[in-house]
Amino acid sequence: MRHTISVIVENKPGVLSRVAGLFARRGFNIESLAVGVTEDPNVSRMTIVAEGDERDLEQITKQLYKLIDTLKVFDLPREKAVERELALIKVAANEKTRSDITQIVEIFRAQVLDVSEDSVVIEISDEADKIESMEKMLRRFGIKELVRTGKIALERGG
Amino acid sequence: MEISGAQALLECLKKEGVEIIFGYPGGVVLPLYDALYSDKTIKHILVRHEQGAAHAADGYARATGKVGVCLATSGPGATNLTTGIANAHMDSIPMIAITGQVATPLLGKDSFQEADITGITLPIAKHNYLIKKTEDLPRIVKEAFYIARSGRPGPVVIDIPKDVFVNKIKFSYPDKVEIKSYKPNLQGHPKQISLACKAIAAAKRPVMYVGGGAISANAAGEVKQLAEKCNIPVTTTLMGLGAFPGTHELSLGMLGMHGTAYANYAVTDCDLLIAVGARFDDRVTGHIDKFAPNAKIIHMDVDPAEIGKNVRVDVPIVGDVKNVLRAIIEKVAAKEKHAEWVAQIEEWKKKYPLAYKSTKEIKPQYVIEEFYRLTQGRDVIIVTEVGQNQMWSAQFFKYDKPRTWISSGGLGTMGFGLPAANGAQFGRPNAIVADFAGDGSIQMNIQELTTAVNNRLPIKIFVLDNCFLGMVRQWQELIYERHYSHTNLCNNPDLVRVAEAYGAAARRVEKVEDVKAALEWSLTITDRPALIDFMVAKEENVFPFVPPGQPINEMLID
């Protein structure tokens, strides 16, 4: 099962490698990872997507707590969280195809960030599967480059 | 008044009660060695290899319960410490490893003798620090000691660049540590304590399974109280030897791969297993699904991550095991002897005692037993290397008190024994410290004989010399069709002459009838180390032996 884990850590040098190293040596594969500072500049929040059963999740949570710089660890089940990823997609475009592409952009509530003679750069911020469907739709025009962030997530309400 | 970072470090160590550090100088730690030169309080022991410094600090910590401190220069000095740091980490030994580092402007530039020791030690230390400003030094040292000795103890590395040693600060040492993200949970949850008491009351065939955590928590007294109050037989892990008296009638000795048959049978048959500061290691459990298959499991440990890591637990209790045991002892109702259970265990003890066959050759087990008889009732610390020597020492010497058994459990580090014996003797100068070694492992840190000789340490080194890398040979015999691939050590140097060259007293013993006198002789040497090279039976095996991955009740007994 795929889990989205929030790890709240002290914002100190080397913390990312402590966390990433822990996943690697305990045999948990990280699918995506996003890190940034929180409302408190001394604290960072990592959102990690990883695969594992309940027992794996329990063990990795406990191991994360053992890191001296870890303040809090929690699992964010999909139904209780809002989730976003961001992707930038550079698609081949000419006079003929540009309007088709723009239509797709509108359907997905994405936006065009840059237009040139032979390409457009599209920004989409959404849940992972939406980004994947849009990518699929754009594929026939020719995707020149694609970059995605890791997932970030917050608990609803509270 | 302002003092240098180096002087400030020494002041911090004094505030932490450090009396002795084990180290080896080098380029970037010169400012620290210069401060040591004029310091009168802290004793610095010059080792001959940094690995020896780390193991000596470790042995000192195990023998005394205090934090051991070792020191090395940057680059190769620091990397030479790593085996010792990993060893302390696996066995949860409180240690501070101080490493020099290249000056901050040179960091990250592949400078001479630069190694990223904080990066290297990430997975093998409890925590580590790179100090970038001298102003941070007192706080970091305070935190490091607190982390090393609290919760589940472990090694903490402090990496200090040369300019941090040189720069001056106005020194003040913090009174308190406040680490928001590190707060070990020391009291067991009352609800869990009640559940444990109920389970103990209901048990008909209980066993306590006690690990090194009981020793680091100084909980041997509580282990005994609970065992006696509720008449619970006790088995210990390799790390737990001494946490319960080996001569006690409730003692089952050690369990696991080379445990006693009766301990392994008792654990397999018990209906309640009370794990105290133990971690269900693969050498203990064998085939994990068949370990204590009929038992309810109570697991108490200060490290929450240990609970549920390897086995499913019925009553988890997170807390310092001394506190947890005390709470249980207070609440639990005393129990009479479990008559049937005791009778069953007695039968196993009679039927499958720890034993070996006496022959004309010197049996390694006999040497250990003889030394036990000779020193019974005296203050003795047994240290071991790793392999057959270690397992026989665990089996044939009875440990009645904690901190009388010092051995590399988790990492299984050959070369640990001699430097650890040095550290133990520094910590407990009046104790008889003996290192049972093999002819393989003794050579892995033989240079530390110099440290022992120069400091007139009367440690005993008993080499059980079978001209083999014995434990590996045993596996080759039993599992690899006697293919003795690279385990024959018959081309070893003459260990007696080697020891004498170092300035130690040394003898070789080739006959059974000379064993006792030689051991007695070693006890008369009080101003330098004494090494005895016992030429023992070459192909003697350690039994019982649970082949790897088998259930622990399916062992080879002889």
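Rules used in this analysis
Residues numbered from 1 in each chain as written. Chains lettered and ligands numbered in written order. Predicted model: local features only at pLDDT ≥ 70, side-chain atom pairs only at ≥ 80, totals over all residues. Heavy atoms only, no water. Buried < 20%, exposed > 50% of the residue type's maximum accessible area, 1.4 Å probe, protein only. Helix = DSSP H or I, 4+ residues; strand = E, 2+ residues; numbered from the N terminus. Right-handed = clockwise from strand over helix to strand, strands pointing away. Axes fitted to C-alpha atoms, helices over the stretch in contact; angles between N-to-C directions. Parallel < 35°, antiparallel > 145°, perpendicular 65-115°, else oblique. Left-handed = near helix turned anticlockwise from the far one by under 90°. Contact = heavy atoms within 4.5 Å. Buried area = accessible area lost by both parts, 1.4 Å probe. Salt bridge = Lys/Arg side-chain N within 4 Å of Asp/Glu carboxyl O. Polar contact = N/O pair within 3.5 Å; in protein donor to acceptor, adjacent residues only side chain to side chain. Pairing = 2+ DSSP bridges. Domains from an automatic or database assignment. Disulfide = S-S within 2.5 Å. Core = buried A, V, L, I, M, F, W, Y, C linked by side-chain atoms within 4.5 Å.

(A) Geometry of the pairing of strand β15 (residues 380–384) of chain B. Burial runs high along β15 of chain B: five of the five residues are buried. You can see the chain leave β15 of chain B, run along helix α16 (residues 388–396) of chain B and come back into strand β16 (residues 405–406) of chain B, and the turn it takes is right-handed.

(B) Here's a closer look at the packing of helix α3 (residues 50–64) of chain B against helix α17 (residues 417–427) of chain B. Residue and element names in this part refer to chain B. Orientation of α3 relative to α17, taken along the N-to-C sense of each, is 45°, at an axis distance of 6 Å. Between α3 and α17, the crossing angle belongs to the class labelled oblique. As for how α3 packs across α17, the hand of that crossing is right-handed. Facing G52, H55, A56, G59, Y60, A63 and T64 of α3, the residues of α17 in contact are P419, A420, G423, A424, F426 and G427.

(C) Focus on the interface of chain A and chain B. At the junction of the two partners, chain A supplies 14 residues and chain B supplies 20 residues. Both faces combined, the contact of chain A with chain B buries some 1500 Å², and carbon together with sulfur accounts for 49% of it. Taken as a group, R18, R55 and I68 of chain A account for 45% of the area that chain A buries against chain B, more than any other trio of residues on that side. Counting across the interface, chain A meets chain B through one salt bridge. D303 of chain B is paired through a salt bridge with K66 of chain A; the nearest N and O atoms lie 2.6 Å apart. On inspection of chain A and its partner chain B, the count reaches seven residue pairs in polar contact (both at pLDDT 80 or more).

(D) Region of the structure containing the pairing of strand β20 (residues 530–535) of chain B. Residues and elements named next belong to chain B. When you tally the buried positions in β20, you get five out of six residues, the bulk of the element. Bridge count for strand β18 (residues 460–465) against β20 is six bridges, and the pairing is parallel. Looking across to β20, one finds that D465 is bridged to M535. Both strand β19 (residues 505–509) and β20 contribute to a ladder of five bridges, which runs parallel. Each residue of the ladder has a partner; that of A506, found in β20, is L531. Handedness of the crossover is the feature at issue here: the chain leaves β19, passes through helix α21 (residues 515–524), returns alongside β20, and the resulting connection is right-handed.

(E) Highlighting the domain arrangement of chain B. Residue and element names in this part refer to chain B. Each assigned domain of chain B is listed with its residue range as follows: domain 1 (2–170), domain 2 (190–351) and domain 3 (364–535). In this structure, domain 2 and domain 3 have C-alpha centres spaced 30 Å apart. Carbon and sulfur atoms supply 63% of the area that domain 2 and domain 3 bury against each other, a total of about 1400 Å² over both sides. It is L238, L241 and H258 that lose the most area in domain 2 upon contact with domain 3, and together they represent 40% of the buried surface on that side. Taken together, the links from domain 2 to domain 3 amount to seven residue pairs in polar contact (both at pLDDT 80 or more).

(F) Molecular detail of unusual backbone geometry. Residue and element names in this part refer to chain B. Residue P544 is bonded to the preceding F543 through a cis peptide linkage, with omega at -5°. Tracing the chain through its elements places P544 in the segment after β20. A positive phi angle, near 50°, is found at F280, a position not held by glycine. Here F280 is to be found in the loop between β12 (272–276) and α12 (282–285). Using a relative accessible area of 2% as the deciding quantity, one classes F280 as buried. Positioned with a positive phi, A292 is a non-glycine residue whose angle comes to about 45°.

(G) Layout of the state of the cysteines. Residue and element names in this part refer to chain B. According to the stated counting rule, one finds zero disulfides over all chains in the structure shown. C197 supplies the cysteine sulfur nearest to C230, a cysteine that is in no disulfide, at a spacing of 8.0 Å. A residue is classified by how much of its surface remains accessible, and C230, at 0% relative accessible area, is buried. A disulfide-free cysteine, C270 has its sulfur positioned 15 Å from the sulfur of C230, the nearest such atom. Given a relative accessible area of 0%, C270 falls into the buried group.

(H) Spatial organisation of the sheet that holds β12 of chain B. Residue and element names in this part refer to chain B. Ordered by their spatial adjacency, six strands build an open sheet running β11-β10-β9-β12-β13-β14, and the pairing between neighbours is parallel. Unpaired on one side and paired on the other, β11 (251–254) and β14 (315–318) mark the two borders of the sheet. Each adjacent strand pair in this sheet contributes to an overall mean axis angle of 15°, direction not counted. Taken together, the five bridges between β12 and strand β13 (residues 296–301) define a ladder with parallel strand orientation. Residue A275 lies in a different strand from β13, and its bridge partner there is H299.

(I) A look at the sheet that holds strand β6 (residues 127–130) of chain B. Residues and elements named next belong to chain B. Taking strand neighbours across the sheet as the criterion, the six strands line up as β3-β2-β4-β5-β7-β6 in an open arrangement whose pairing is parallel. Edge positions in the open sheet fall to β3 (43–46) and β6, since each of these has one partner strand only. Looking at each pair of strands side by side, their axes are set apart by 20° on average, direction ignored. For β6 and strand β7 (residues 155–161), the ladder comprises four bridges, and the chain directions are parallel. Bridging from a neighbouring strand, H127 pairs with V156 of β7. Sitting on the sheet, α3 is in contact with β2 (20–23), β4 (68–72) and β5 (95–101), with an inclination near 170° to β4.

(J) Region of the structure containing the side chain of S32 of chain A. Residue and element names in this part refer to chain A. Along the chain, S32 falls in strand β2 (residues 30–37). Within the structure, the side chain of S32 is placed 3.4 Å from the backbone nitrogen of K151, a separation counted as a polar contact. Not counting chain neighbours up to four residues away, the residues in contact with S32 comprise T47, I48, V49, G150 and K151.

(K) Fine view of the nonpolar core. All names here are of chain B. Grouped together as the largest cluster of nonpolar side chains are 52 residues, with contacts concentrated most on F22 and I461. Per-element accounting of this core gives the leading share, seven residues, to α3. Inspection of this core shows a minimum of three residues originating in each of domain 1 (2–170) and domain 3 (364–535). Here F22 is in contact with H44, I45, V47, A53, A56, A57, Y60, V69, C70, L71, G423 and F426, once residues within four sequence places are set aside. A6, C12, V164 and Y173 belong to the second largest nonpolar core, which has 39 residues in total.

(L) The arrangement of the pattern of salt bridges in detail. All names here are of chain B. Enumeration according to the criterion identifies 38 salt bridges over all chains in this entry. Among the ionic pairs, E178 bridges to K183, the shortest N-O distance being 3.3 Å. The pair formed by E178 and K183 is uniform in burial state, with each residue classed as exposed. Put simply, E539 and R482 hold a salt bridge, and the shortest N to O gap is 3.2 Å. Remark: R482 occurs in the loop between α19 (470–479) and α20 (495–502) and E539 occurs in the segment after β20; sequence separation between them is 57 residues.

(M) How the structure looks around the domain arrangement of chain A. Residues and elements named next belong to chain A. Splitting chain A by domain gives domain 1 (2–75) and domain 2 (82–155). Look at where the C-alpha atoms of domain 1 and domain 2 centre, and you get two points 29 Å apart. Counting residues at the interface gives eight residues for domain 1, matched by six residues for domain 2. Carbon and sulfur atoms supply 53% of the area buried between domain 1 and domain 2, which totals about 520 Å² over both sides.

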